[in-house]
Amino acid sequence: MRMEKTGWKKKIFRIVLGITSIPIVVIGVLAILLYIPPVQRFLIDNLCKEIGEATGYRIEVGSAELHFPLKLKTTGLKISKNNDTYLQSKRLDADISLLPLLTGNLEINYISIEDIDIHSHNIMESLEIDCSVGFVRFVVRDLNIPGSMVDIRQLHIQEGDICITQYTTIDEEEVDG
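In this report, the structure presented in the accompanying data block is examined.

**Details of the layout of surface pockets**
A volume near 180 Å³ is recorded for the second largest pocket. Surrounding the second largest pocket, Tyr-57, Ile-79, Tyr-86, Leu-87, Ile-118, His-119, Ser-120, Ile-123, Met-124 and Ile-129 form its lining. Elements represented by at least two residues in the lining of the second largest pocket include exactly strand E4 (84–96) and strand E5 (108–119).

What follows is the structure, given as C-alpha cells:
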C-alpha cells in the first residue's frame, strides 16, 4: 500500500515538472534560433516590412548579424520615402544590455555607424539636416521611445560635414510695419 502512494507522488511530480519545464525549453529554443543567420534574415525582413507599413518609410538592410548576447551588426542600411533617401550607412553596430531588457527597459551601451549620410528634407517643417560623416559613435544613457527622448552620454564624430538649417517665415506685415 505504501509503495502505491510513492508511485503516484513520483508520477505527479514528473507531470508537474514536465509542464513547468515546457515554457523554459521553448524560450531557450527561441533564444537559440535568434542566432541562426537564416532566422535572423527572416526576422529582419519582417521587421523592416512592419516598420515600413507603420511609418511609410522604406527600410533596407543589406546584411544583419546578431552576436551573443545582444550585439547587432548591419551593413547597407538605407531609409527612404517617395524616392528620397533620408539615411544611408555602410555599417551600423549596436551593443544592447541584456539585463535591463529583461525588465522591459532598453539600454544601449553604444551605437557606431560608418559612412553615414543623412538628408532630412521634408521631414521636419522648419528644420533641415544634411550630414555626411565617416564615423559616428555614441553612448546612450537613456532611451525613452514613447516620449521620443534620447539622453546621449558620449558622442564621437570623425571626418564629416554637418549642416543644420532652420527656416523661419516672416509675415509681410511684420516686414513693412
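**A short note on the pairing of strand E3 (residues 71–81)**
In this sheet, E3 lies alongside strand E1 (residues 58–60) in antiparallel orientation, the contact comprising 3 bridges. Looking across to E3, one finds that Glu-60 is bridged to Lys-78. Here strand E2 (residues 63–67) pairs with E3 via 5 bridges, running antiparallel. Paired with Leu-66 across the strands is Leu-72, a residue of E3. In sequence, E2 turns back onto E3 through a hairpin of 3 residues. As paired elements, E3 and E4 share 10 bridges and run antiparallel to each other. Within E4, the residue paired with Ile-79 across the bridge is Leu-87. Hairpin connection of E3 to E4: 2 residues between the antiparallel strands, including Asn-82 at a positive phi of 50°.

**Focus: the pattern of salt bridges**
One side chain can pair with another of opposite charge once the charged atoms of both are near each other. Tallying each qualifying case throughout the model produces 4 salt bridges. Note that Arg-58 and Glu-60 form a salt bridge whose closest N and O atoms lie 2.7 Å from each other. Where Asp-93 meets Arg-91, a salt bridge forms, and the shortest distance between an N and an O atom there is 3.1 Å.

**Notes on the packing of aromatic side chains**
Tallied over the full model, the rule gives 2 aromatic pairs. Taken together, a centroid distance of 5.7 Å and an interplanar angle of 80° make the contact between Tyr-57 and Tyr-86 edge-to-face. Linking Tyr-57 in the loop between helix H2 (37–55) and E1 with Tyr-86 in strand E4, this pair joins segments that are 29 residues apart in sequence. Residue Tyr-57 is classed as partly exposed on the basis of its relative accessible area of 24%.

**What to know about a nonpolar patch on the surface**
Residues Ile-22, Val-25, Val-26, Val-29, Leu-30, Ile-32, Leu-33 and Ile-36 make up a contiguous nonpolar surface patch of about 690 Å² in total accessible area. Structurally, the position occupied by Ile-32 is in helix H1 (residues 2–33). In this structure Ile-32 comes out as exposed when scored by relative accessible area, which is 58%.

**As for the environment of Arg-41**
Take Arg-41: it is sitting in helix H2. Sequence separation between Arg-41 and Ser-63 is 22 residues; the distance between their C-alpha atoms is 7.6 Å. The contact partners of Arg-41, leaving out residues within four places of it in the chain, are Val-61, Gly-62, Ser-63 and Ala-64.

**Observations regarding H2**
If you check H2, its first and last C-alpha atoms are 26 Å apart, about what 19 residues at 1.5 Å a residue would give, namely 27 Å. Every buried residue of H2 is accounted for by Gln-40, Ile-44, Cys-48 and Gly-52. In a view along the axis of H2, the buried residues occupy a sector of 95°, so they form one face of it. Relative to its buried face, H2 has exposed residues pointing more than 90 degrees away, namely Pro-38, Phe-42, Lys-49, Glu-53 and Ala-54.

What counts, and where the lines are drawn
- Residues numbered from 1 in each chain as written.
- Predicted model: local features only at pLDDT ≥ 70, side-chain atom pairs only at ≥ 80, totals over all residues.
- Heavy atoms only, no water.
- 1 Å grid on protein atoms, 1.4 Å probe; cavity = no way out; pocket = protein on both sides within 12 Å on 5 of 7 lines; lining within 4 Å.
- Points joined across faces, edges and corners; volume = space filled by probe spheres on them.
- Helix = DSSP H or I, 4+ residues; strand = E, 2+ residues; numbered from the N terminus.
- Pairing = 2+ DSSP bridges.
- Salt bridge = Lys/Arg side-chain N within 4 Å of Asp/Glu carboxyl O.
- Phe/Tyr/Trp six-rings, centres within 6.5 Å; stacked < 30°, edge-to-face > 60°.
- Buried < 20%, exposed > 50% of the residue type's maximum accessible area, 1.4 Å probe, protein only.
- Patch = residues over 30% accessible without salt bridge, like charges linked within 9 Å, V, L, I, M, F, W, Y side chains within 5 Å.
- Areas by Shrake-Rupley, 256 points an atom, 1.4 Å probe, with all protein chains shown as cover.
- Contact = heavy atoms within 4.5 Å.
- Expected span 1.5 Å × (residues − 1).
- Arc of directions from axis to C-beta.

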